[in-house]
Structures are given as C-alpha cells and as structure tokens.
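Spelled out, the chains give:
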Amino acid sequence: MTTSADAPTLDLTFGGTLRIPVIAAPMFLVSSPKMTLESCRSGVMGSFPAHSTRSRDIFVEWLDEIDEGMAAMKSAGKKPAPYAVNLVVHPTNARYEGDLEVCKAREVAVILTSKGAPEEAFQEIHGWGGIAFHDVASPRHAEKALEAGADGLIAVCGGAGGHTGTVNPFALVSEIRAMTDVPIIVAGGINHGRSVLAAQAMGGDLAYVGTHFIAAEESRANDDYRENLIACSSKDVFLSAALDGAPANWLIPSLERAGIDIDELAVTRPGKIVGSTGDKVKNRYSGIWTAGHGVGAIAESRPMAKIIQQLVDEYDAAKAELDRKLAI
Ligand SMILES: Cc1cc2nc3c(=O)[nH]c(=O)nc-3n(C[C@H](O)[C@H](O)[C@H](O)COP(=O)(O)O)c2cc1C
C-alpha cells in the first residue's frame, strides 16, 4: 500500500481556493480558456486538454489568456482556484514532449495526465514543483500509475463522458483505496452537489465533473451539441468502443442521425464503426456527440458561475441533510 508517509500530503483545498472539492474535467473540443478561467473564479479547479489546441502556438496563446486572467483576478484581491492542463503522456502523442516543455516553462501547478504512465513525465512535473493526477480505469492502471509516482488517481468509472471506464464507482474506488491513500478524484456521472459529497463518502477526495459543464455558455460546444444534451437523459447514452477503439459513451440520437444502426453497433468490434453508406465514420466529432450518464441534469445553457454556484448550494444542503440522517 502506498501510504501518506510515502506520498507528501497535498492540500486539497489548494490554499483555501476551492469552494467545493471539484475539478472541471478537461474536454477535447469543449474546454476553452474562458471556461477554465470562470471555473477558477468560481472556486473550482479549471482545466483543458493541451491537444484540444490545434498547434503549439495556440496552446501558448490559451495559457497566456489564462495566466493574464488569473493575474487580473489576483490583483483585484480575488483568490482563484488553480488551473490544470491535461497532457496525453503517451508516445503516440507527437506533441507530448513539446507541450510538457511549455508547461514546465510556465510551472503549471497541476497536470492531468492520461494514457500510459511514464515515470519520466511525473519526475519532470515534480521537478518544477507541479503535481500529477493520472487517469485510471482499473486497479491495474492504478498500480502502474502509483509505481511511476503519480500524486493522485483519477478513477474514471462507468458512466463517464468521453472515453470512459466501465467499472462501478463504488467498486473501483474501494479497490483503489485499499491499495493507496493518495488522493482519488472520482469521475463519472457526477451532476449534483450531493454526488460530490457521495464521492467523498465512498473514499474519494475530489470529484471530476465533465458532462455537467459541456453546455456551459463559455464552452466551445456548438448549438446542435447543446440541443442534444438538453434533450437527452441517461437512457439516450450508449457505450461503445467501435467508433475509435476505446470505450466511450455516445448520445444515441446523434449516432442514429449519422446513419449508425444501434443494434449493429452493439456487436461491432472496436474501431470498426459502419455508417449507413457502409463507409467508416471518419470524424467522430462531426455531429456525433459524447456525454456521460449524468446528461439528464442539463436543462439549459448557463454560465459556469451559475452551474458551480448550484453545485455549491446542493453540496451544502446535502451535508446538512446527511447530518440529520446520521443523527437518527
Ligand atoms: C466531450 C468530452 C471530451 C473529453 N475529452 C477529454 C480529454 O481530452 N482528455 C481527458 O483526459 N478526458 C476527456 N474527457 C473525459 C473527462 O475529462 C472526464 O473524465 C469525464 O467527463 C467525467 O465524467 P462525466 O462526463 O460523467 O462527468 C472528455 C469528456 C467529454 C464529455
């Protein structure tokens, strides 16, 4: 077991800047500098994937915009939550080393690493005083990430948006908790303040919230995506690895519109999706939308500040309700 004696104790309030133990999860083609800044301003750790920027120059521009926004908040006497950058730390990501260099030059405080778990990446991040939270979908992934020196584990459980894990959150978090006491960030279906509290109760430390924020006004989601999110609930979410080879949750109406037969999809091998014309669906993000099981809570597009304030209010109410229940 990796104990806190092995791992330095992290301040998970990040200097009292988090109003609620939540990270706004990185989302390819959805996260934006504005969304990241508004998360941090509202007391939630904001984040974005480096690979969501089309080039290194644009990555640097995004970081400039965020750093300037953070500096402006600080000089106005505010204490924003820190932001994090998501890096795919895998040799298949051609941009990995250069993007890591950029993060090093900026001394980005938190790096959310996904795929692979190279020790050198974690060492590099620790070298500039940063911390690395690594995505895991199984106890085996967790073991490898701990061996390599991850500071925290993002348990991507069944029901998450984007590429998802498939294990039930109670089961995955307890198996990981049995092997370590490093922070666990629970991901998958969290769309209410009471679920944030539940993530802590089940042995987690922070909640990772993606889908619930896709329709935020500051996100890069287009109108069609927003309309699909508002119209759908958990019954409309379909798990398949057939589109791009890894298990991901997709909105059924968007699959059907692309001519994909759901019954056929259910028996299609990973990466072999077939549309109505018999062609492979080339661009999974052109009108085929991903969302997690928590999509049912999205009723409209709202500013990040409002969505987060609601989560904070729900979290506070859930704590009071739980106190009452436990007092009986
Ligand atoms: C549209 C979308 C894009 C995503 N892109 C990424 C990504 O680029 N990198 C990553 O690590 N996770 C990505 N994810 C996964 C999220 O970071 C997070 O694990 C997930 O959204 C949590 O589950 P939830 O959507 O049920 O809240 C994406 C999720 C969504 C919904």
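Residues numbered from 1 in each chain as written. Predicted model: local features only at pLDDT ≥ 70, side-chain atom pairs only at ≥ 80, totals over all residues. Heavy atoms only, no water.

## Describing the overall build of the protein chain
Next, step 1: From N to C terminus, the protein chain includes twelve helices and eleven strands.
Next, step 2: Its C-alpha atoms give the protein chain a radius of gyration of 19 Å, near enough to 20 Å, the size a compact globule of 328 residues would have.
Next, step 3: Its C-alpha atoms put the protein chain at 55 × 55 × 45 Å along the principal axes.
Next, step 4: Residue burial in the protein chain is summarised as follows: out of 328 residues, 53% are buried. (Helix = DSSP H or I, 4+ residues; strand = E, 2+ residues; numbered from the N terminus. Rg over C-alpha atoms; globule rule 2.2 N^0.38 Å. Buried < 20%, exposed > 50% of the residue type's maximum accessible area, 1.4 Å probe, protein only.)

## A word on the packing of aromatic side chains
Next, step 1: Taken as a whole and assessed by the stated rule, the structure comprises three aromatic pairs.
Next, step 2: Measuring from ring centre to ring centre gives 5.2 Å for Phe48 and Trp62, while their planes differ by 55 degrees; the resulting arrangement is tilted. Of the two residues, Phe48 sits in strand β2 (residues 46–49) while Trp62 sits in helix α2 (residues 56–75), which places them 14 residues apart along the sequence. Each member of the pair, Phe48 as well as Trp62, carries the same accessibility label: buried.
Next, step 3: Taken together, a centroid distance of 4.3 Å and an interplanar angle of 10 degrees make the contact between Tyr225 and Trp289 stacked. With a gap of 64 residues between them, Tyr225 in helix α9 (residues 223–231) and Trp289 in the loop between α11 (262–266) and α12 (304–327) connect regions that are remote in the sequence.
Next, step 4: Members of the aromatic cluster, joined through ring pairs, are Phe48, Phe59 and Trp62. (Phe/Tyr/Trp six-rings, centres within 6.5 Å; stacked < 30°, edge-to-face > 60°.)

## What to know about the side chain of Ser240
Next, step 1: Along the chain, Ser240 turns up in strand β10 (residues 237–240).
Next, step 2: What Ser240 contacts, discounting residues up to four positions off in sequence, is Ala246, Pro247, Ala248, Trp250 and Leu265. (Contact = heavy atoms within 4.5 Å.)

## Comments concerning helix α5 (residues 139–148)
Next, step 1: Three or more residues of α5 are buried, namely Ala142, Ala145, Leu146 and Ala148. Buried residues of α5 fall within an arc of 160 degrees about the axis and therefore sit on the same side.
Next, step 2: Phi for Gly149, located one or two positions after α5, is positive at around 105 degrees. (Arc of directions from axis to C-beta.)

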